[in-house]
Amino acid sequence: VKATDLPATTAARREELRGLEGRRDSLRELEEGFAGLSEGQQLLLKGKAAGVKACQTIAGPLSRLIRAEAACERAVEALLGDLQQGLLIPTAADALSLIRYLEQEGTGWATLLPRQGEWLAQRQEASHLRKALEEARASLGPEVAQQIVGLALEFVKGPAELQPLLRGLLGDGVIVRDLPTALTLLRRLPGPVRVATTSGAVLSSRGPIQGGNTIAWSLLSRHRELEELPAVIARVETEDEKKKRLE
């Protein structure tokens, strides 16, 4: 770098740093204000913060406790839909207490996700779907087969205690790269199955086809960005300090 370029380079880095810090602060404000969550979810989380007894079992929204690979993030968000904002609680009994609390308050509707339950213990990963997907991939031409990403569950990480729940929510999900491939698989795979594209469209064997702009659902990406920004900011700050020493 030429000495004459240093002031401009330093200014650009400082501007980049201000932009990153502003982005971080905006995301934090959205998180603290429970943006993207329904009225009922917000009421329950505020009740937890205020010490309401019935709300103390809430662990938080599902989107804060799981992560999807970046390339599959929009597909997973689309498959989960509003369930991203579902509140994790220990048992169905806790869910009943929270529903009664909402009914007493007279406002809001919430989705609650018990981590434990006999119906969850009985759910197993759909091995038949895995086998059917492998058979479909093998029977399709290479141009189509390479557009198949895989089972949705393969691209989602979360605590071990959430795996039964995740199998129930995403066990019927397959991810592909484009809509024509999604339609092809929907015709070949045994139902129930949902096929999502990496751009966020979802085709279901039950009938519905959903797509468009998924920005309202982007809770997973918001949490991921909040986790990644501190390291990015630290890197830019380090580079800025190095540039200062060269001036």
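S.K.: Even after reading the chapter, I still don't get the overall build of the protein, so can you show me in this structure?
M.R.: Within the protein one finds 10 helices and 10 strands. Look at the contacts in the protein between residues 6 or more apart in sequence, and 68% of them connect residues 24 or more apart.

S.K.: Looking at this model, I keep getting lost on the sheet that holds strand S4 (residues 112-114). Mind explaining?
M.R.: Two pairing modes exist for strands in a sheet, parallel and antiparallel, and in both the strands are linked by backbone hydrogen bonds. Taking strand neighbours across the sheet as the criterion, the 3 strands line up as S1-S3-S4 in an open arrangement whose pairing is mixed. Two strands lie at the open edges of the sheet, namely strand S1 (60-61) and S4, each paired on one side alone.

S.K.: Just to check I follow, could you spell out the pairing of strand S7 (residues 173-176) for this structure?
M.R.: One face of the sheet, then the other: side chains in a regular strand alternate in exactly this way. Side chains Gly173 and Ile175 of S7 all project onto a buried face; the interleaved residues Val174 and Val176 project onto the opposite face, where all are buried too. Across 3 bridges, the pairing between strand S5 (residues 148-151) and S7 is antiparallel. Its bridge partner being in S7, glycine 150 is matched across the sheet by isoleucine 175. Assessed by its sense of winding, the connection that carries the chain from S7 through helix H9 (residues 179-188) to strand S8 (residues 194-197) is right-handed.

S.K.: Whenever I open this one, the nonpolar core confuses me. Can you help?
M.R.: Nonpolar side chains in soluble globular proteins generally cluster together in the buried interior. Counting residues in each nonpolar core, the largest one holds 24 residues, and the members touching the most others are Leu62, Ile66, Val76 and Leu170. Where this core is concerned, the elements lending two or more residues are helix H3 (73-80) and helix H8 (163-170). No other element matches H3, which puts 5 residues into this core. Not counting residues within four places of it along the chain, the set of residues in contact with leucine 170 comprises Val76, Leu79, Leu80, Ala152, Leu153, Val156 and Arg194.

S.K.: Which parts of the structure should I look at to understand H9?
M.R.: For the α-helix, the turn length of 3.6 residues means that residues three or four positions removed from each other point alike. Of the residues making up H9, those classed as buried are Thr181, Ala182, Leu185 and Leu186. What you see down the axis of H9 is that its buried residues fit within an arc of 140 degrees, all on one side. Seen from the buried face of H9, the exposed residues on the opposite side, beyond 90 degrees, are Pro180 and Arg187.

S.K.: I would appreciate a short explanation of helix H4 (residues 92-105) in the present structure.
M.R.: When the terminal C-alpha atoms of H4 are compared, their 20 Å separation across 14 residues agrees well with the 20 Å that a helix rising 1.5 Å per residue should span. Along H4, the residues classified as buried are Asp94, Ala95, Leu98, Tyr101 and Leu102. Projected down its long axis, H4 carries its buried residues within an arc of 120 degrees, all on one side. Opposite the buried face of H4, at more than 90 degrees from it, the exposed residues are Glu103 and Gln104. For H4, the elements touching its buried residues are helix H2 (39-49), strand S3 (87-89) and S4.

S.K.: Would you explain the pairing of S8 in this entry?
M.R.: Here S8 shows no split at all, with Arg194 and Ala196 on one side and Val195 and Thr197 on the other all buried. Where S7 and S8 come together, 4 bridges link them in parallel fashion. What sits directly across from valine 176, in S8, is threonine 197. The hairpin formed by S8 and strand S9 (residues 202-204) contains 4 residues between the paired strands, and glycine 200 there has a positive phi angle of roughly 105 degrees.

S.K.: Hey, could you run me through the pattern of salt bridges in this one?
M.R.: A side chain of one charge can pair with a side chain of the opposite charge when the charged atoms of the two come close. Evaluation of the coordinates by the stated rule reveals 10 salt bridges. The closest approach of N and O atoms between glutamate 154 and arginine 130, which form a salt bridge, is 2.8 Å. Of this pair, glutamate 154 sits in the loop between S5 and strand S6 (156-157) while arginine 130 sits in helix H6 (residues 127-139), and the two are 24 residues apart along the sequence. Aspartate 172 is paired through a salt bridge with arginine 206; the nearest N and O atoms lie 3.7 Å apart. One end of the pair, aspartate 172, is in the loop between H8 and S7; the other, arginine 206, is in the loop between S9 and strand S10 (209-210), and 34 residues separate them in sequence.

S.K.: Would you mind showing me how to read unusual backbone geometry here?
M.R.: Excluding glycine, residues mostly have negative phi values, and the peptide bonds linking residues are mostly trans. A cis amide bond links glycine 191 to the next residue, proline 192, at an omega of 0 degrees. Along the chain, the position of proline 192 falls in the loop between H9 and S8.

Rules behind the numbers
Residues numbered from 1 in each chain as written. Predicted model: local features only at pLDDT ≥ 70, side-chain atom pairs only at ≥ 80, totals over all residues. Heavy atoms only, no water. Helix = DSSP H or I, 4+ residues; strand = E, 2+ residues; numbered from the N terminus. Contact = heavy atoms within 4.5 Å. Pairing = 2+ DSSP bridges. Buried < 20%, exposed > 50% of the residue type's maximum accessible area, 1.4 Å probe, protein only. Right-handed = clockwise from strand over helix to strand, strands pointing away. Core = buried A, V, L, I, M, F, W, Y, C linked by side-chain atoms within 4.5 Å. Arc of directions from axis to C-beta. Expected span 1.5 Å × (residues − 1). Salt bridge = Lys/Arg side-chain N within 4 Å of Asp/Glu carboxyl O.

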